[in-house]
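Each chain is listed here by its residues.
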Amino acid sequence: MMDIDSLYALLLPATVAIPLLGAVLIAVVGDSPNQRETITLVTAGTLFITVLALAFPFQLGSVPHVTLAVPIPALPILLRIEPLGLTFACVASGLWILNSLYSIGYMRGNKEPHQTRFYICFALALGSTMGVAFAGNMFTLFIFYEMLSLSTYPLVTHHQDAESRRAGRTYLGLLMGTSIGLMLLAMMLTWATAGTTEFKPGGILNGRVPESIGAILLLLYMYGIGKAAIMPVHRWLPAAMVAPTPVSALLHAVAVVKTGVFTVLKVSVYIFGVDYLNRLWSTDVILYIAAFSLLAASIVAMRQDNLKRRLAYSTVSQLAYVVVGAMLASSAGVMGAGLQIVMHAFGKITLFFCAGAIYTAAHKTLISQMDGLGRTMPWTMTAFAVGALSVIGLPPLGGSWAKFFLFLGAVEADKLVLVAVLSVSTLLNVFYLLGPVLRAFFRPLPADAPTGRHEAPVASVVPLCLTAFGCLLLFFFAGSLYDALLPITEGK
């Protein structure tokens, strides 16, 4: 008879297998939109339930793990649960449900082509994301990281025109160029010097690798993780905005960029360890490059009239918060980075959902066209305001907790210049995120604009309202999230 640990160990590979099976079933029934979308929603719901089921044994002290294969001696493809990965998997799988529902309203409302391919690639991307979340070593993470890049390429090039193909080349070239050219090299050097690539609390390099080599490894990892969009390897992110809005939401909130900053934090905590990071000269180098990215991307965002491009540069800035938190190498900084991954996911997916709803209902893409839109799309623009305020970091919304711990981490690490950077960045957030809100609610409708309410389809409006409500709930229930992430700040 199968014991409970063996049963839960089977659920780990199921988190990868369920989306892959969903992709196959979507391909089989592709000619039937209703069946295709039903399978998408059922697959997303099943995945979320499976991830939640894995949380119970972990809370009781069990650590389910399973080796899928050993293609290279001492380098197994290993899945294992740890606090950061479990948190990331819960967020990604939960938001996939809402993103799938939103996609139905958006793709149908805009009569987008190639919808079957869209849903197949979406499922493949989430399966890859689960592999990254539960990777037990750097080798496993690298494999699923590359699978994610390949599965999202068709989504970026969805429209198959010259612009999307050009964006796709930038997207795949930068992401795979950095991962193969730098991250793979860093992983091989880690294996050669430390004898393992396994993720372990407190890191694996301390005491095994000289600090001079460790400093170089850190630079290779941080720039090898191109999905984190540290300048100057950020260009793929705004280029990918040619994709349909549900793809933008996937890239910015659910999978790709979150995989990037998740990997940054996981490598920092489980490969290097906080104590070891504090002794490396390159830690401060990456810290101040991230601080520059944080401010520079915000300034560029302010100059963008296209709403999706403004949100894209906002994401570059917001990702830098996670890198800053990791490189502060303090308990509060690591906590702030972990919280930022979750809080930004809810805030930014809300903003992109709203951008897509505006395009679907009003056919507007420019902020300068949004005068008076709050009167015709009150639900959408109210949700946009909530998401914006959460990303800015104002209570009572979830993003305020991430900002609080990042400020605390800067003080804890005695980096007062970072306190100033975070303060200026927050003010810039206010300018570029509340501008569309002020236009929508405090400027009159153009004389030739239709009056009355003209919201996007219900399937699109409901998810954006739910994610906006999630931003509010995260403020009041942040304690549970704090408890879940606390072990990574203590080296456990």
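Residues numbered from 1 in each chain as written. Predicted model: local features only at pLDDT ≥ 70, side-chain atom pairs only at ≥ 80, totals over all residues. Heavy atoms only, no water.

Draft legend 1. Quick peek at the nonpolar core. Phe 134, Leu 205, Tyr 221, Met 222, Leu 265, Phe 272 and Met 327 are the most contacted members of the largest nonpolar core, which has 177 residues in total. In contact with Leu 205, not counting residues within four places along its chain, are Thr 190, Ala 194, Leu 217, Ile 271, Phe 272 and Tyr 276. (Core = buried A, V, L, I, M, F, W, Y, C linked by side-chain atoms within 4.5 Å. Buried < 20%, exposed > 50% of the residue type's maximum accessible area, 1.4 Å probe, protein only. Contact = heavy atoms within 4.5 Å.)

Draft legend 2. Geometry of a nonpolar patch on the surface. Taken together, the side chains of Leu 21, Val 24, Leu 25 and Val 28 present a nonpolar region at the surface, about 370 Å² in accessible area. Here Leu 25 is to be found in helix α1 (residues 4-28). Overall, Leu 25 belongs to the partly exposed group, its relative accessible area being 38%. (Patch = residues over 30% accessible without salt bridge, like charges linked within 9 Å, V, L, I, M, F, W, Y side chains within 5 Å. Areas by Shrake-Rupley, 256 points an atom, 1.4 Å probe, with all protein chains shown as cover. Salt bridge = Lys/Arg side-chain N within 4 Å of Asp/Glu carboxyl O. Helix = DSSP H or I, 4+ residues; strand = E, 2+ residues; numbered from the N terminus.)

Draft legend 3. View of unusual backbone geometry. Residue Met 231 is joined to Pro 232 through a cis peptide bond whose omega torsion reads 10°. Along the polypeptide, Pro 232 turns up in the loop between α7 (211-224) and α8 (236-239). The omega torsion across Pro 395 and Pro 396 is 5°, close enough to zero to call that bond cis. Structurally, the position occupied by Pro 396 is in the loop between α16 (378-392) and α17 (399-412).

Draft legend 4. Representation of the side chain of Ser 460 within the structure. Within the secondary structure layout, Ser 460 lies in helix α19 (residues 458-476). When its relative accessible area of 1% is taken as the criterion, Ser 460 is described as buried. At 3.3 Å, the side chain of Ser 460 and the backbone nitrogen of Tyr 106 are in polar contact. (Polar contact = N/O pair within 3.5 Å; in protein donor to acceptor, adjacent residues only side chain to side chain.)

Draft legend 5. How the structure looks around helix α20 (residues 478-489). The terminal C-alpha atoms of α20, which comprises 12 residues, lie 16 Å apart, in line with the 16 Å expected from a rise of 1.5 Å per residue. Among all positions of α20, only Ala 478, Leu 481, Leu 485, Ile 488 and Thr 489 are buried. Looking straight down α20, one finds its buried side chains confined to an arc of 85°; they lie on one side. In α20, the exposed positions that point more than 90 degrees away from the buried face belong to Ser 480 and Asp 483. Those residues of α20 that are buried lie in contact with α3 (83-109), α10 (256-272), α14 (331-362), α17 and α19. (Expected span 1.5 Å × (residues − 1). Arc of directions from axis to C-beta.)

Draft legend 6. Main features of the packing of helix α13 (residues 307-327) against helix α18 (residues 416-442). Two elements in contact, α13 and α18, have axes separated by 11 Å at closest approach and are oriented at 160°. By the criterion of interaxial angle, the relationship of α13 to α18 is roughly antiparallel. When the axes of α13 and α18 are compared, the crossing they make is left-handed. Contacts from Leu 307, Arg 310, Leu 311, Ser 314, Ser 317, Gln 318, Tyr 321 and Val 324 in α13 reach Leu 418, Leu 422, Ser 425, Thr 426, Asn 429, Phe 431, Tyr 432, Leu 433 and Pro 436 in α18. Its residues placed into classes, the contact of α13 with α18 shows 10 nonpolar, six polar and one charged. (Axes fitted to C-alpha atoms, helices over the stretch in contact; angles between N-to-C directions. Parallel < 35°, antiparallel > 145°, perpendicular 65-115°, else oblique. Left-handed = near helix turned anticlockwise from the far one by under 90°. Nonpolar A, V, L, I, M, F, W, Y, C, P; charged D, E, K, R; others polar.)

Draft legend 7. Geometry of the environment of Thr 116. Tracing the backbone shows Thr 116 in helix α4 (residues 115-133). Thr 116 sits 79 residues away from Glu 37 along the chain, and the two C-alpha atoms are 9.1 Å apart. With residues near it in sequence (within four places) discarded, Thr 116 still touches Ile 26, Ala 27, Gly 30 and Arg 36. A polar side-chain atom of Thr 116 sits 3.0 Å from the main-chain carbonyl oxygen of Gly 30.

Draft legend 8. Representation of the packing of aromatic side chains in the model. One pass over the full model with this rule turns up 13 aromatic pairs. Between Phe 404 and Phe 405 the ring centres are 5.2 Å apart and the planes differ by 80°, which places this aromatic pair in the edge-to-face class. Classification of Phe 404 as partly exposed rests on a relative accessible area of 44%. An aromatic cluster is defined as three or more aromatic residues linked by ring pairs; in this entry it consists of Trp 401, Phe 404, Phe 405, Phe 475, Phe 476 and Tyr 482. (Phe/Tyr/Trp six-rings, centres within 6.5 Å; stacked < 30°, edge-to-face > 60°.)

Draft legend 9. Fine view of the side chain of Lys 403. Along the chain, Lys 403 turns up in helix α17. Of the side chains bearing the opposite charge, Glu 412 lies closest to the buried Lys 403, which forms no salt bridge; the N-O distance is 19 Å. Here the side chain of Lys 403 touches Ile 392 through a polar contact of 2.5 Å, landing on its backbone oxygen. Separated by 3.3 Å, the side chains of Lys 403 and Asn 429 make a polar contact. With residues near it in sequence (within four places) discarded, Lys 403 still touches Tyr 321, Val 391, Ile 392, Gly 393, Thr 426 and Asn 429. (Lys, Arg positive; Asp, Glu negative; His and termini not counted.)

Draft legend 10. Region of interest: the confidence of the model for the protein. Summarising the model, the protein shows a mean pLDDT of 91, and 97% of its residues fall at 70 or more. Confidence, read as mean pLDDT per element, is least for helix α9 (residues 245-254) in the protein (72) and greatest for α16 (97). (pLDDT = per-residue confidence, 0-100.)

Draft legend 11. Representation of the pairing of strand β1 (residues 65-72) in the model. Pairing analysis gives five bridges linking β1 to strand β2 (residues 75-80), with the strands arranged antiparallel. The residue bridging Ala 69 from the neighbouring strand is Ile 77, located in β2. The turn linking β1 back onto β2 is made up of two residues, and Ala 74 within it adopts a positive phi angle of 70°. (Pairing = 2+ DSSP bridges.)

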